Amino acid sequence: MAPNLHPERQRVWQSLASVRTGIILLILVGVVAAAGTVILQRPATDPEQMQRAYSPGLLRWLDALGLTNVFHSWWFAVLLGLLCLSIVLASLERFPAVWRYFARPYRRPEPHFRAVLPLKYEIRIRNPERGLGAAEQALRQMGFRPERIAGGEDGEDSLYAERNRFARLAAYVVHVSLLLILLGGIVDSVWGYRGFLNLTRGQQAGQIELADGSTRPMPFTLRCDGVGQENYADGTPKRWWSKLVVLQDGREVARKEIAVNDPLVYGGLRFFQANYGRTADVAAVKFVATPKGGGKPEPLVLGPGEPVTLSDGTRVRLERFVPDFYVRDNQIYTRSEEANNPAIQLSLTSKSGESKLWIFPNYPEYSQAAEAPYDFQFQDLEMGYFTGLQVSHEPGQWAVWAGCLLMGGGLILAFYFVHMRFWVMPISDGEGRRVLWVGASPSKNREDFEERFRALVHEIEKNLKTEAAAGAAVRAASLAGVAGR
Amino acid sequence: MARERVATHPGARGNTLLVLLSLTVVTLLFVAFLGNVKSGNLVSEASLLYVTLIFYGAATALYLAFGVTGLERYVRFALGSTWLGFLANTLAFAHRWWTAGHPPFSSIYEMLLSFVWTLAALTLVAERRFAVRVLGTVTMPLAVVGVVLMQLLPSEVRPLVPALQSTWLHVHVTFAMLAYAACAVSFALALMFLIQDRMHTDTFLAVTSALSTGIYLGMLTRFAPAGGLRVIAWDFAERREVFLAPQARLFVVIPDLGWLFLAVTVAVAAPLALYVWSRWRKDERALNWANSAFYLGLLFQALALTAFVLRARGGNYASLEAEGLYPTSLSASPFLLAGLVGGIFASVLYLMLYWRRHDLERLLPSADALDRLTYKTIGIAFPLLTLMIAAGAYWANRTWGAYWSWDQKETWAAITWLVYAGYLHMRITRGWRGRRAAYFAILGFAVVIFTFFGVTYLLGGLHAYA
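Residues numbered from 1 in each chain as written. Chains lettered and ligands numbered in written order. Predicted model: local features only at pLDDT ≥ 70, side-chain atom pairs only at ≥ 80, totals over all residues. Heavy atoms only, no water.

1. Observations concerning a nonpolar patch on the surface
Put simply, the rule reads: Patches here: salt-bridge-free residues with over 30% relative accessible area, like charges joined within 9 Å, nonpolar side chains (Val, Leu, Ile, Met, Phe, Trp, Tyr) joined within 5 Å. Areas reported here follow the Shrake-Rupley algorithm with a probe of radius 1.4 Å; residue values treat only the protein chains shown as occluding. Here, a salt bridge means any side-chain nitrogen of Lys or Arg that lies within 4 Å of a carboxyl oxygen of Asp or Glu. The numbering of helices and of strands both runs from the N terminus, where a helix is a DSSP run of H or I of at least 4 residues and a strand a run of E of at least 2.
There is a patch of nonpolar side chains on the surface, built from A:Phe166, A:Ile412, A:Tyr416, A:Phe417 and B:Ile380 and spanning about 450 Å² of accessible area. Examined against the element boundaries, B:Ile380 turns out to sit in helix H12 (residues 367-399).

Right, dumping it as structure tokens:
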């Protein structure tokens with residue numbers, strides 16, 4: 001379809017719609033994408049590594065050309081856009097011709113068409129009606145439903161049969177599916193986002209951290225009720241899981257135990273198990289508390305923010321936890337996030353008042369406070385675990401999956417379905433004899449189709465013979481003879 | 001020519017070679033059997049693979065024997081040997097599946113196993129259904145290279161890491177292997193087409209020479225200043241490359257090999273240079289020299305392979321990047337080894353064409369039929385490629401939360417897809433049959449090979465485990 005445009009514009013239209021342009025664009029996208037895999041890419045590689053890999057001058061050039069972030073550069077997007085445009089225009093250009101197969105199936109072959117059709121054959125007949133009947137029967141036997149088209153050149157009927165007309169649309173189905181996939185990709189790159197969320201047991205959060213360091217609020221709150229790892233016998237990890245609860249206005253609305261490969265989906269957001277590890281925080285500290293005034297020692301398990309009441313009414317709370325402490329200027333700092341040298345501060349509330357004390361499990365001699373009514377014997381320490389959640393919002397993904405399914409169907413149509421058409425028509429041949437003209441046209445796979453055509457001709461001849469067993473002469477022109485005409 | 005020779009020597013049935021080859025096969029099988037009896041483990045995957053290797057190797061040898069003698073019986077026997085190899089391959093595949101408890105698709109070793117199996121299966125299908133009788137000449141050497149590589153890659157059954165525990169993984173990799181094997185077959189068919197399409201033998205000479213030169217130049221990018229060859233350090237016990245830091249490989253220098261490889265590069269490039277000279281100067285004599293130089297090049301390549309295998313086998317060589325000596329072994333960079341073996345196979349295939357062109361042409365279907373077959377094979381490969389990418393994207397979306405992240409392997413899979421899409425458009429819309437379509441099919445397979453091996457060994461990325 002070349003609409004009535006200014007000649008200049010028409011030229012642009014036609015060159016964009018040509019397959020040559022499409023292929024050149026395909027090759028360009030391929031080459032640029034290949035370059036993007038060979039050259040180190042910016043967001044994924046850290047700047048120091050880039051500087052080590054390339055000289056400063058080269059790096060400046062690569063950055064200026066956008067080659068260090070090919071897949072997110074504007075010109076790559078432009079290239080993909082041009083490819084889409086070329087697909088759309090090429091499809092538009094060719095669509096009317098294909099649409100004709102649907103709107104106006106070519107049911108009655110005219111002489112000029114009969115002359116140029118490559119697959120054709122002529123069978124001598126006496127009676128046109130009997131010939132058509134034989135052909136009808138043969139076509140039915142091959143699973144076709146022949147139509148009778150009334151009123152030919154000599155006022156006689158002709159036959160038309162076809163199958164898989166929709167296969168003509170295969171290329172459009174594939175192209176539409178490709179556009180659908182790209183559309184999904186565009187929607188996701190514009191409106192979608194990805195972020196991270198780390199939660200420890202019992203913790204809840206209402207916002208996620210995006211890749212660029214900013215945060216983004218979620219329309220609900222997510223709480224983690226537990227995290228864990230399961231191992232194979234040899235110690236390699238087998239499964240990571242976390243129990244997640246979705247809270248809306250404080251009310252629980254959804255709950256799921258997620259694992260790698262099995263995300264939680266809620267409100268357009270998907271939460272993936274991406275990470276698992278130990279936090280710098282403590283999950284539980286175990287003590288044995290012995291009253292200084294004499295009495296029975298009591299075991300005690302303290303978690304963060306959960307005060308425990310001892311038997312005499314003293315409330316013990318975990319005030320502070322420093323995983324790897326050192327002291328400078330009378331202040332406690334931590335060296336690392338590993339619980340190598342912990343310092344634990346407890347606060348006690350009893351009838352006599354409030355007091356605080358530090359306990360250093362590695363230095364028990366410094367640990368006690370004189371005023372505290374109890375001796376705390378450190379037993380064990382359990383560090384907290386966190387779950388690293390990958391959060392993504394991909395509103396376009398359904399277009400992508402729909403596109404994939406459609407493309408699968410389109411490709412099957414394109415490769416494995418052939419639009420076949422058969423015409424049977426009684427005509428007079430060059431010498432004025434009555435013949436049954438049989439013609440056929442496949443949309444592809446000519447060579448395999450020829451077999452089918454030969455089988456059909458053979459079947460018609462057989463039907464005619466059995467019908468005209470009384471001695472009606474049936475003579476067939478050879479294929480070569482017809483072709484040579 | 002060949003036909004005349006067969007006609008003048010009607011007694012030449014090639015029995016001696018067949019007997020020798022059968023004896024070799026039987027001996028190898030017996031040695032393998034003895035080894036198994038010793039280890040007390042009669043049916044193991046290693047021995048099944050060994051049997052596979054023997055039969056695929058025998059098939060290759062028989063095809064080559066056909067190349068030398070032009071006797072048709074060799075092709076028949078080669079087909080038989082392929083069948084036996086395929087049987088052993090199937091058993092190895094099943095054994096692996098059974099012991100691992102999951103379909104063998106989770107490491108590059110297991111993927112090679114399924115790739116080789118599909119390749120052999122498709123070759124057999126093509127031979128039976130489409131009467132392309134010498135297809136194995138190209139695909140069997142590929143299968144042999146695959147099985148040899150498998151001997152060098154870590155093969156123990158490892159428990160699946162959490163990201164790989166998904167049905168979609170199996171779907172993804174099944175499609176990948178089927179698609180890649182179909183691509184390999186289409187490549188072989190495109191080569192056969194070029195033979196039937198009366199492409200000049202000299203052109204094949206030039207291309208083969210260019211391929212080998214490319215391989216050796218690629219290796220020489222690791223040329224050390226003192227004339228050694230830098231090879232990726234290989235942890236023999238773990239059958240794994242040695243890394244200094246994530247994505248930073250450790251290289252060791254094998255002294256003196258660099259000069260040898262330089263010499264080999266010159267030797268394999270000589271036919272190409274002579275070919276160019278003869279075209280430029282219209283000098284037919286240079287072509288004869290080119291063919292003589294080709295024998296020399298093949299000899300040098302064999303020398304390079306032998307030297308590499310001998311020197312790299314368990315030697316301790318210094319590394320430039322890190323302190324100390326690192327053991328390297330024959331398996332140091334299977335990529336390098338595959339290149340060396342691939343170059344030799346390509347050269348031998350050229351010689352086969354040079355000697356036996358008429359016999360090859362006699363046994364092959366017409367150029368038109370081969371062109372259609374190439375198209376049909378790509379018609380199988382392309383939807384499979386599409387499904388592979390779609391299944392991979394779906395799986396990635398379930399595991400990493402993104403269906404497309406422009407990871408190297410993903411990108412190269414997309415490039416492969418684009419190349420074949422280009423092929424299909426040229427064939428369907430522009431009606432470009434024959435040569436240009438065949439070149440595209442060959443380019444497509446080159447990209448497939450790069451996606452399969454090259455990306456894993458050269459680029460890395462998220463697909464680190466495959």
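2. A short note on the side chain of B:Ser209
Residues and elements named next belong to chain B. The following threshold applies: Classification of residues uses two cut-offs on accessible area relative to the type maximum, computed with a 1.4 Å probe and protein chains only: under 20% is buried, over 50% is exposed, and between them is partly exposed. Under the rule applied, a polar contact is a pair of N or O atoms within 3.5 Å (in protein, one hydrogen donor and one hydrogen acceptor; residues adjacent in sequence only if both atoms are side-chain atoms). A contact between two residues is defined here by any heavy atoms of the two lying within 4.5 Å.
Relative to the helices and strands, Ser-209 resides in helix H8 (residues 201-220). For Ser-209, a relative accessible area of 2% gives the class buried. Among the polar contacts made by the side chain of Ser-209, one reaches the main-chain carbonyl oxygen of Val-268 at a distance of 2.6 Å. At 3.2 Å, the side chain of Ser-209 forms a polar contact with the backbone nitrogen of Leu-272. Residues within four places of Ser-209 in sequence aside, it is in contact with Val-268, Ala-269, Pro-271 and Leu-272.

3. As for the sheet that holds strand E3 (residues 158-163) of chain A
Residue and element names in this part refer to chain A. To keep it simple, the criterion reads: Strands are treated as partners if at least two bridges between them are detected by DSSP. The convention used is that axes are lines fitted to C-alpha atoms, helices contributing only their stretch in contact, and that angles between N-to-C directions extend from 0 to 180 degrees.
Judged by pairing direction, the sheet is antiparallel, and its five strands sit side by side in the order E1-E20-E19-E3-E2 without closing on themselves. The open sheet is flanked by strand E1 (119-124) and strand E2 (147-149), the only strands paired with a single partner. The average angle at which neighbouring strand axes cross in this sheet is 20°, direction not considered. Bridge count for strand E19 (residues 420-428) against strand E20 (residues 434-442) is nine bridges, and the pairing is antiparallel. Bridge assignment links Phe-422 to a residue of E20, and that residue is Ala-440.

4. Focus: the interface of chain A and chain B
Heads up, the rule is: By buried area we mean the combined loss of accessible area, with a 1.4 Å probe, across both parts when two parts are placed together.
Taken together, the contact between chain A and chain B spans 46 residues of the former and 40 residues of the latter. Roughly 3,600 Å² of surface becomes buried between chain A and chain B when both sides are summed, with 66% attributable to carbon and sulfur atoms. Between B:Lys376 and A:Asp448 there is a salt bridge; the shortest N-O distance is 2.9 Å. At the junction of chain A and chain B, the tally comes to six residue pairs in polar contact (both at pLDDT 80 or more). Going through the elements one at a time, helix H2 (19-38), helix H5 (74-103), helix H8 (170-191), strand E7 (237-248), strand E10 (269-291), strand E18 (374-393), helix H9 (397-416) and helix H10 (446-467) of chain A are the ones with two or more residues in the side of chain A that touches chain B. Ranked by residues supplied to the side of chain A that touches chain B, first place goes to H2(A) with ten residues.

5. Some points on the confidence of the model for chain A
Quick note on the threshold: The predictor attaches a confidence to each residue, and that confidence, scored 0 to 100, is pLDDT.
With 93% of its residues at a pLDDT of 70 or more, chain A shows a mean pLDDT of 82. Below a pLDDT of 50 lies the segment residues 470-485 of chain A, which in the model reaches 21 contacts outside its immediate sequence neighbourhood of four places, other chains included.

6. A look at the confidence of the model for chain B
Residues and elements named next belong to chain B. For chain B, per-residue confidence averages 81 on the pLDDT scale, and 85% of positions sit at 70 or higher. Per-element confidence in chain B is highest for helix H9 (residues 257-281), whose mean pLDDT is 91, and lowest for helix H1 (residues 2-8), whose mean pLDDT is 44. Taken as a whole, residues 1-11 scores under 50 in pLDDT and shows eight contacts with residues more than four places along the chain or in a different chain. In this model residues 460-466 is a low-confidence stretch, pLDDT under 50, and it forms 20 contacts with partners more than four residues away in sequence or in other chains. This complex was scored by the predictor with a pTM of 0.78 and an ipTM of 0.75.

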